[in-house]
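Observations on the model geometry
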Amino acid sequence: VGVWLWLVIPLILGFLISFNFPAFIYFRFIYVVPAFYLLISWGIERTKNGQLRNILILGILASNIVSWLIYVTNPNQKREQWRQATEFVEENAKPNEIVIFEFPEPFAPYRWYSKNLVEAKGVTNSISAEPQKTSEVTSKAIAGKSGVYYFEYLKELSDPKDVVRKTLVGKGFVKKDVYNFQGVGFIEYYIKSESL
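A brief look at the structure comes next. (Residues numbered from 1 in each chain as written. Predicted model: local features only at pLDDT ≥ 70, side-chain atom pairs only at ≥ 80, totals over all residues. Heavy atoms only, no water.)

Notes on the sheet that holds strand E5 (residues 185–192)
How we decide: One requirement defines pairing of two strands: DSSP has to find at least two bridges between them. Helical segments are the DSSP runs of H or I of at least four residues, strand segments are the runs of E of at least two, and each set is numbered from the N terminus. Interaxial angle, 0 to 180 degrees, is taken between N-to-C directions of lines fitted to C-alpha atoms, where a helix line uses only the stretch in contact.
Sheet architecture is open: five strands sit in the order E2-E1-E3-E5-E4, paired in mixed fashion. Strand pairing shows two members of the sheet lacking a second neighbour, strand E2 (119–122) and strand E4 (173–181), which therefore form its edges. Direction aside, neighbouring strands of the sheet carry axes that sit 25° apart on average. Across five bridges, the pairing between strand E3 (residues 147–151) and E5 is antiparallel.

Okay, structure coming up:
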């Protein structure tokens, strides 16, 4: 009974929570896989027909190997392309440009892959942006800059009022390009309007 609860309760709770927050994503439920395999192995062990048992074991093994191969060879299965996004920004950023994030500091995956070639700052005053203070932090970060790479990752959660983007536009920045990286989302490139 405990193994069944381990498998079923997180899935039901995830399903219910996903109506308010996008929580029903496979990698968030990886911890229920052992319960699933325990139940499958228990069922296979109770199978009295030896030939059927061997077929089931081989089927489970083959299914896992094929699924693993699909996962590691298909680029669409990669969750978040932070390495590619970070390398792209650092290779393309010009002097006097900055990378900004919808967070009080640059996101951990960006910092992990960054070679610190471009100045990077979080421009919200807290995890949930307070408009006045976030506008001040953003204005200070972009002061004197000619270009901005703006990661809008988790914007809906940290800056639902779109304070950072409005501050950019208000300070004379114009969106020039948008780049999309799997799992990271959009990176918008802004330049100061007088540099057009």
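Some thoughts on the side chain of Asp-162
This is how the line gets drawn: The contact criterion used throughout is that any non-hydrogen atoms of two residues lie within 4.5 Å.
Looking at the secondary structure, you find Asp-162 in the loop between helix H7 (155–158) and helix H8 (163–170). The contacts of Asp-162, once residues within four sequence positions are left out, are Tyr-150 and Lys-155.

Things to note about the pattern of salt bridges
A side chain of one charge can pair with a side chain of the opposite charge when the charged atoms of the two come close. Keep this limit in mind: The salt bridge criterion pairs a side-chain nitrogen of Lys or Arg with a carboxyl oxygen of Asp or Glu, the two atoms within 4 Å. When accessible area is computed with a 1.4 Å probe and restricted to protein chains, residues below 20% of their type maximum are described as buried, those above 50% as exposed, and intermediate ones as partly exposed.
Inspection of every chain in the model, using the stated rule, returns eight salt bridges. Measuring nitrogen to oxygen at the nearest pair gives 2.5 Å for the salt bridge that ties Glu-105 to Arg-111. Note on Glu-105: relative accessible area 38%, which makes it partly exposed. We note a salt bridge from Asp-162 to Lys-155, for which the minimum N-O separation is 3.7 Å. On the basis of relative accessible area, Lys-155 is assigned to the buried category, the value being 12%. Among the charged side chains, a salt-bridge network with shared partners connects Glu-152, Lys-155, Asp-162, Arg-165, Lys-175 and Glu-188.

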